[in-house]
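Residues per chain are reported as follows:
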Amino acid sequence: MSAPVRALIAAIGTYLDALEGPGTDDVRAGFAHHGSATLRTVATRANAVVDRHLVAALSAVEGWPDLKNSIAAAAPHLRWVTYDLYDRALIGDAFADGHAFASLVGPEGPVPAAGFELGLFLIAPGVFYRDHNHAAPELYAPLTGPHGWRFGPGDPIVWRPAHRPVWNEPFRPHATMAGAVPFLCLYVWTADIDAPAAVIRADDWASLEG
Ligand SMILES: [Fe+2]
C-alpha cells in the first residue's frame, strides 16, 4: 500500500523543484524538511467527487507523466475528504458538494508532519470556490487549466494556464474558478495550518455561478 504513495511523494518533489515564483522556495524548504518522514498507514476513504472527476482531470494534465501516473496509482490509497467545516449557506452547495482533497504530508497525512500540509485538491468543472482567506500562507500548484482567480471580492476573474502556481500570503482574499476541465492541483500550507478559513461575502456570486 505504501509504495504508490511513496512514488507520488517522489514525483511531487520533482515537480516542486521545477516550480518558479513567490512562495516556491518556502514550499521546497518545507517539503525537504517533512517529505521524507516514514510513511504511516491512514484509513483510506473513497469520494464521489474523485470517482466522478479524477480520470478526466488526469487526462487533461499536459506533460509530467510520472506525476500523473503516480496520482492515478496512489488515489485509491488516500483518504479523500469533502471539507464540511464551512457554513454551507456561505460557501454554497456547488462547492460544498463539488470538491475533494487528500492530505499527503501533514498531521493527518500518510507522511506525518506538524505545521506543514501538502496534498491534492480537486474541484468539479465550472464550480466557483467563493472568496475566502486564512492565516496559512498557501501555494496552489494547478496541474490542469485554465483556472480562474481573483484576489479581491468583486474583482474580475483572471484566467491562468496549468502549471502556473498561485501564492497567497496570510489573509490574502482569494477565489478560484474551475474551468471546463476539473481543477486538479497540489495545495501547500507552510505555516498556521490549524487556523480556520473564513468566507468573505461578495455580491456577484450568483452571476459567477449562473
Ligand atoms: Fe486558500
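Here the structure is shown first, and the text comes after it.
**Student:** What should I look at first to understand the overall build of the protein chain in this one?
**Tutor:** Counting secondary structure elements, the protein chain contains seven helices and twelve strands. Since a compact globule built from 210 residues should have a radius of gyration of about 17 Å, the 16 Å found for the protein chain is in line with a globular shape. In terms of overall dimensions, the protein chain has a C-alpha envelope of 45 × 30 × 30 Å along the principal axes. Counting over 210 residues, the protein chain shows a buried share of 51%. Taking contacts inside the protein chain between residues at least 6 apart in sequence as the whole, the part at least 24 apart equals 74%. Here the protein chain holds 14 positive side-chain charges and 22 negative ones, and the gap between their average locations is 4 Å.

**Student:** What's the story with the layout of surface pockets in this structure? I'm lost.
**Tutor:** Gaps between atoms show up when a probe of the same size as a water molecule is rolled over them. Space inside the largest pocket adds up to approximately 800 Å³. Where the lining of the largest pocket is concerned, the elements lending two or more residues are strand S2 (99-106), strand S4 (117-123), strand S5 (128-133), strand S6 (138-142) and strand S11 (183-189). Residue contributions to the lining of the largest pocket peak at four residues, all from S2. When the residues that make up the lining of the largest pocket are grouped by side-chain class, the tally is 19 nonpolar, five polar and eight charged.

**Student:** Could you clarify how one ought to interpret the coordination of the iron ion in this entry?
**Tutor:** Note on metal geometry: ideal angles are 109.5 degrees for four donors arranged tetrahedrally and 90 or 180 degrees for six donors arranged octahedrally. The coordination sphere of the iron ion contains the protein donors His-134 (NE2), Glu-138 (OE), Glu-138 (OE) and His-174 (NE2), at a distance range of 2.1 to 2.4 Å. For the iron ion, the four donor atoms in the first shell make angles of 55 to 135 degrees at the metal, so the coordination geometry reads as irregular. Along the chain, the residues donating to the iron ion are arranged with the sequence spacing H-x3-E-x35-H. Residue His-134 is located in the loop between S5 and S6, and its partner His-174 is located in strand S10 (residues 174-178); the two are separated by 40 residues in the primary sequence. Residue His-174 is classed as buried on the basis of its relative accessible area of 1%.

**Student:** How should unusual backbone geometry be read in this particular structure?
**Tutor:** A negative phi angle is the norm for most residues apart from glycine, just as the trans form is the norm for most peptide bonds. Here the residue pair Gly-145 and Pro-146 is connected by a cis peptide bond, since its omega of 0 degrees sits within 30 degrees of zero. With respect to the helices, strands and loops of the structure, Pro-146 is situated in the loop between S6 and strand S7 (147-150).

**Student:** I would appreciate a short explanation of the packing of helix H1 (residues 2-18) against helix H2 (residues 24-34) in the present structure.
**Tutor:** With their axes 10 Å apart at the nearest point, H1 and H2 run at an angle of 150 degrees to one another. One way to sum up the angle between H1 and H2 is to call them roughly antiparallel. Between H1 and H2 lies a crossing of left-handed hand. Counted together, Ile-9, Ile-12, Gly-13, Leu-16 and Asp-17 of H1 and Val-27, Arg-28 and Phe-31 of H2 form the full contact between these two elements. For the contact of H1 with H2, a count of residues per class yields five nonpolar, one polar and two charged.

**Student:** Is there a simple way to explain the pattern of salt bridges in this structure?
**Tutor:** Side chains that differ in charge, positive against negative, can pair when their charged atoms come close. Scanning all chains against the criterion turns up six salt bridges. In this structure, Arg-88 engages Asp-93 in a salt bridge whose closest nitrogen and oxygen atoms are separated by 2.9 Å. Under the relative-accessibility criterion, Asp-93 is labelled partly exposed at 48%. Of the charged contacts in the structure, one is a salt bridge between Asp-131 and Arg-150, with a shortest N-O distance of 2.7 Å. Of this pair, Asp-131 sits in strand S5 while Arg-150 sits in strand S7; the two residues are 19 residues apart in sequence, bridging distant segments of the chain. On the basis of relative accessible area, Arg-150 is assigned to the buried category, the value being 1%. One connected set of salt bridges, linked through shared partners, spans Arg-88, Asp-93 and Asp-97.

What counts, and where the lines are drawn
Residues numbered from 1 in each chain as written. Predicted model: local features only at pLDDT ≥ 70, side-chain atom pairs only at ≥ 80, totals over all residues. Heavy atoms only, no water. Helix = DSSP H or I, 4+ residues; strand = E, 2+ residues; numbered from the N terminus. Rg over C-alpha atoms; globule rule 2.2 N^0.38 Å. Buried < 20%, exposed > 50% of the residue type's maximum accessible area, 1.4 Å probe, protein only. Contact = heavy atoms within 4.5 Å. Lys, Arg positive; Asp, Glu negative; His and termini not counted. Charge placed at Lys NZ, Arg CZ, Asp CG, Glu CD. 1 Å grid on protein atoms, 1.4 Å probe; cavity = no way out; pocket = protein on both sides within 12 Å on 5 of 7 lines; lining within 4 Å. Points joined across faces, edges and corners; volume = space filled by probe spheres on them. Nonpolar A, V, L, I, M, F, W, Y, C, P; charged D, E, K, R; others polar. Donors = N, O, S within 2.8 Å, 3.2 Å for Na, K, Ca; no water. Tetrahedral: all angles 85-135°; square planar, octahedral: opposite > 155°, others 65-115°. Axes fitted to C-alpha atoms, helices over the stretch in contact; angles between N-to-C directions. Parallel < 35°, antiparallel > 145°, perpendicular 65-115°, else oblique. Left-handed = near helix turned anticlockwise from the far one by under 90°. Salt bridge = Lys/Arg side-chain N within 4 Å of Asp/Glu carboxyl O.

The values reported here are purely geometric and, on their own, carry no functional implication.
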